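Residue strings, one per chain:
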Amino acid sequence: MWLLTARDLQHRALRFGMAIFGTALLFAMVILVGGVAAGFSSSATSTVNAMNEGTWILPEGASGAFTSYAAFDAGLADEVVADDEVVPLLIMRGVATSADADAVDPSSAEATQDIVLVGHAEAGLGGPPVDVGRAASGPGEVVASSAAELPIGSSVRVGERDLEVVGTADGMTMFAGTPLLFVDLEVARQIAVEGRPAATALLTAGTVSSLPDELVAIAATAVADDALRLIEDAVGTIDIINVLLWIVAASVIGAVVYLSALDRLRDFAVLKAIGASTRSLLVGLAVQATLVAVVAAVLAIGLAELLLPVFPLHVAIDPGTFIRLPLLAVGVGLVASLGGLRRAVGVDPAAAFSGPGG
Amino acid sequence: MPEPTPDLAPAPGQSSARDLTIRDLTVEYRSGGYPIRPLDGFELDAKDGEMVLLLGPSGCGKTTLLSCLGGILTPTEGSIRIGDTIVTDLDAKGWSRYRREQVGFVFQAFNLIPSLTALENVAAPLLVAGTSRRAAMRRAKELLEQVDMGERLRNRPGKLSGGQQQRVAIARGLAHDPTLLLADEPTANLDYIQAEAVIRLLRELARPGRLVVIATHDDRLVPIADRVVELAQHVRDDDAGPPQTVRLAAGEVLFEQGSWGQLVYMIEAGEIEILRERSDGPAERLAVVGPGDYFGELGPLLGFPRSATARAHTDVELTAYGADDFKRTIRAEAGRVG
């Protein structure tokens, strides 16, 4: 029966080839879309952890450090009892305008972008891990997330302040790709709270043993989870799209195997008439479905790698996907081919006696 | 080895290990709620090595009989014995083995598998039976050479003419050297030159150790067959005789559904009810016909069995015509009207 299966694949090579390519594209989209959703989550977590893996102290009632910008008196830091230094942080959402875009309309989409501005104590907690350039060391300097695509040496305006980009940090985004810009705490205060000694969060790497009533302490993971809350609908939508892609992929495989079974009903009748068991026919069809699924899955991995650089968002592909996808694909392929298998089982060997078209 | 059942025992002096004996074979199925019996009490004895021709028009039960002989259709009643094998006693597994080991099929329209080469098509029954690939291919090559297809081993069916495909199909039917070769309309799709070659080949294949059964509506094969079985009873008009008067009392049956007849009836007086047997209950009345009406014409004219039963609804007087007389009468009536 292996010969029959192999020959049928050869005979219908174009149809199977198209099915494999189509399914591979769908599987590649499954990988990439899943990677985008995972990227949202991993970006939020890695950004928060890069700023402070320890304890975040927020005003009572604030939902999170990146979702609630309730400023409070930074002097409250003195009332916090912790076994490590406590530093103030000021976070706000805003718009950055590239000063290099003077030649074009500064309000154009190319010149402006949404950002999250982070004011932090120099060389303290809350600052970014600088990958290119250096840390900001003065009131006119900024370290930007590489996602902002602001080259070192360029100028950017936030509020009324012009800042020079002196360094970039990979990742460091929130809310599905919004870049963070890191400035000196005082600069952030001038932009956000007219220079008042305010903070939106306090950070400490240590353990907090006592807090003023107006503040609460939460873990970094809770801060990241809270930030993800804002995009959970988007992530949920992506998950639904992912499921739909699987269904479409299964439909493609199922349709091809079903059509193959329909085309071969007379062949099955002849094979049954000459003594072939139903089981052997089923194995042949199941092998076809499995082959389509596995080859498509392998091709999809290559396609996903090729398409990855095209995506503007961070795509976090779990290496386990490359093992899970072919296994899942086999399952999906077999389930999808059930219709074709049923047709093969139901073929009456007496149909071999019918004439052309009968 | 199973004991032969008494009604299948070969007659004295005719016994051979591979003779075919069919007794009281009936196949019934439902169609539109009505029972159809393409075979009804069919009987046949054929000797090993014979070429048996099953002759008849479409729908007369030829293919049904081949399906029963080939172990792919269970008859409603009756028994088939080929050599020591009582085919009708086999279970599904036994049928598969019987088909793999004892039966070769040559299907109408060739039914070669399009994705396989001629060589692979012929090897398919052997591969299905578990023969090693090398041995199967060797045997397939031998057979294709025997049917003059040695030059086309690697060709797929789409690249072969009808006659070449039929020769490949015959070679496939012979792959496991079957004792019974069943051919369904083997000349149906061939021109006369190709048909002649195929007929000659089939004739040569019928020899001791192998019985060849051919179902066809082509009566040109009759002279070369050892035994001819007409599945549709030919209605010869000279059997009918001149028109005659028939009288029936109410409730008497004139003819029954499934019977063969050569007469068409015109009602002179009284009424006839036309009944059709249902598979799931009592007979259904199709019509009641009266004086001036005629009935029962399609069976004799088309060579079909009666499709309904005719029973006297009242005392009735009929005139019975042969088919030719009936046609003349109808034309004369039409001429008068015109």
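Residues numbered from 1 in each chain as written. Chains lettered and ligands numbered in written order. Predicted model: local features only at pLDDT ≥ 70, side-chain atom pairs only at ≥ 80, totals over all residues.

**Q** Any chance you could break down the overall build of chain B for me, citing the residues and the numbers?
**A** A count of helices and strands for chain B gives 8 helices and 17 strands. Counting every position in chain B, which comprises 338 residues, the buried fraction comes to 39%. Long-range contacts, defined as pairs at least 24 residues apart, comprise 72% of the intrachain contacts of chain B with a sequence gap of at least 6. (Helix = DSSP H or I, 4+ residues; strand = E, 2+ residues; numbered from the N terminus. Buried ≥ 20, exposed ≤ 12 C-beta atoms within 10 Å, placed from the backbone. Contact = placed C-beta atoms within 7 Å.)

**Q** I'd like a description of the overall build of chain A, backed by residues and values.
**A** In terms of regular secondary structure, chain A is built from 9 helices and 15 strands. Burial status across chain A gives 42% buried among its 358 residues. The long-range share in chain A, meaning contacts at least 24 apart out of those at least 6 apart in sequence, stands at 83%.

**Q** Report on the interface of chain B and chain A, specifying residues and quantitative values.
**A** For interface size, the figure often reported is the accessible area lost on association. Listed by partner, the interface residues are 25 residues for chain B and 20 residues for chain A. Mapped by element, the contributors of at least two residues to the side of chain B that touches chain A are α1 (62-69), α2 (92-101) and α3 (118-128) of chain B. For the side of chain B that touches chain A, the leading source of residues is α3 of chain B, giving 5 residues. For the side of chain B that touches chain A, the residue count by class is 14 nonpolar, 7 polar and 4 charged. (Nonpolar A, V, L, I, M, F, W, Y, C, P; charged D, E, K, R; others polar.)

**Q** How would you sum up the packing of helix α2 (residues 13-51) of chain A against helix α7 (residues 278-307) of chain A? Please name residues and give values.
**A** Residues and elements named next belong to chain A. Between α2 and α7, the least distance of the axes is 7 Å, while the angle of their chain directions is 50°. On the basis of the axis angle, α2 is oblique to α7. Viewed along their axes, α2 and α7 form a crossing whose handedness is right-handed. Two secondary-structure elements touch here, α2 through Phe16, Ala19, Ile20, Thr23, Ala24, Leu25, Phe27, Ala28, Ile31 and Leu32 and α7 through Val292, Val295, Ala296, Ala297, Leu299, Ala300, Leu303, Ala304 and Leu307. Taken together, the residues that form the contact of α2 with α7 break down as 18 nonpolar, 1 polar and no charged. (Axes fitted to C-alpha atoms, helices over the stretch in contact; angles between N-to-C directions. Parallel < 35°, antiparallel > 145°, perpendicular 65-115°, else oblique. Left-handed = near helix turned anticlockwise from the far one by under 90°.)

**Q** Any chance you could break down the nonpolar core for me, citing the residues and the numbers?
**A** Within the largest apolar cluster, 176 residues are counted, with the highest numbers of intra-cluster contacts made by Phe27, Val142, Leu181 and Ile253 of chain A together with Val212 of chain B. The residues contacting Phe27 of chain A, other than those within four sequence positions of it, are Ala249, Ala296, Ala297, Ala300, Leu325 and Ala329 of chain A. Among the nonpolar cores identified, the runner-up in size contains 16 residues, and Leu254, Val264, Tyr265 and Val316 of chain B belong to it. (Core = buried A, V, L, I, M, F, W, Y, C linked by C-beta atoms within 7 Å.)

**Q** Got a sec to walk through the pairing of strand β9 (residues 161-169) of chain A? Specific residues and values, please.
**A** Residue and element names in this part refer to chain A. Examined bridge by bridge, strand β6 (residues 132-133) and β9 share 2 bridges and lie antiparallel to one another. Within β9, the residue paired with Val132 across the bridge is Thr168. Of the pairings in the sheet, the one linking strand β7 (residues 141-145) to β9 comprises 5 bridges and is parallel in character. When the sheet's bridge partners are listed, Ser145 is paired in β9 with Ala169. (Pairing = 2+ DSSP bridges.)

**Q** Mind laying out the sheet that holds strand β15 (residues 294-295) of chain B, listing which residues take part and the relevant values?
**A** All names here are of chain B. Spatially, the 4 strands line up as an open sheet ordered β10-β17-β12-β15, and their pairing is antiparallel. What marks the edges here is a single partner per strand, and that holds for β10 (244-248) and β15. Here β10 pairs with strand β17 (residues 316-322) via 5 bridges, running antiparallel. When the bridges of β17 are listed, Leu248 appears paired with Val316.

**Q** Let's hear about the packing of helix α5 (residues 232-263) of chain A against helix α8 (residues 321-336) of chain A: which residues, and what values?
**A** Residue and element names in this part refer to chain A. Across the interface, α5 lies against α8 with an axial gap of 8 Å and an inter-helix angle of 50°. By the angle between their axes, α5 is oblique relative to α8. The interaxial crossing formed by α5 with α8 has right-handed handedness. Residue-level inspection shows Trp246, Ala249, Ala250, Ser251, Ile253, Gly254 and Val257 of α5 in contact with α8, the latter providing Val332, Gly333, Val335 and Ala336. Of the residues belonging to the contact of α5 with α8, the class tally is 8 nonpolar, 3 polar and no charged.

**Q** Which residues make up the confidence of the model for chain B, and what values do they have?
**A** Per-residue pLDDT for chain B averages 83, and the proportion of residues at 70 or more is 91%. Predicted confidence for residues 1-15 of chain B stays below pLDDT 50, and this span has 19 contacts to residues more than four positions away or in other chains. (pLDDT = per-residue confidence, 0-100.)

**Q** Requested: an account of the sheet that holds strand β8 (residues 211-216) of chain B, with residues and values cited.
**A** All names here are of chain B. The sheet built from 5 strands is open, its strands ordered β6-β7-β8-β3-β9 with parallel pairing. Two strands in the sheet have a free side with no partner beyond their single neighbour: β6 (103-106) and β9 (227-230). The average undirected angle you get between the axes of adjacent strands in this sheet is 15°. Of the pairings in the sheet, the one linking strand β3 (residues 51-55) to β8 comprises 5 bridges and is parallel in character. Within β8, the position partnered with Leu54 by the bridge is Ala215.

**Q** Give me unusual backbone geometry: which residues, what numbers.
**A** All names here are of chain B. For Asp177, which is not glycine, the phi dihedral falls at a positive 50°. Examined against the element boundaries, Asp177 turns out to sit in the loop between α5 (162-173) and β7 (180-184). Phi at Glu185 is positive, roughly 45°, even though this residue is not glycine. By the secondary structure assignment, Glu185 is in the loop between β7 and α6 (192-205). Glu185 sits in the buried class, given 22 other C-beta atoms within 10 Å.

**Q** Please provide a residue-by-residue account of the environment of Ser79 of chain B, values included.
**A** Residue and element names in this part refer to chain B. Topologically, Ser79 is positioned in strand β4 (residues 77-82). Taking the number of C-beta atoms within 10 Å as the measure of exposure, Ser79 has 18 and is therefore partly exposed. Spatially, the C-alpha atoms of Ser79 and Thr21 are 8.1 Å apart, while their sequence positions differ by 58 residues.

**Q** Give a description of the environment of Arg15 of chain A that names residues and reports values.
**A** Turning to its location among the elements, Arg15 of chain A is positioned in helix α2. Separated by 241 residues in the primary sequence, Arg15 of chain A and Val256 of chain A have C-alpha atoms spaced 7.6 Å apart.

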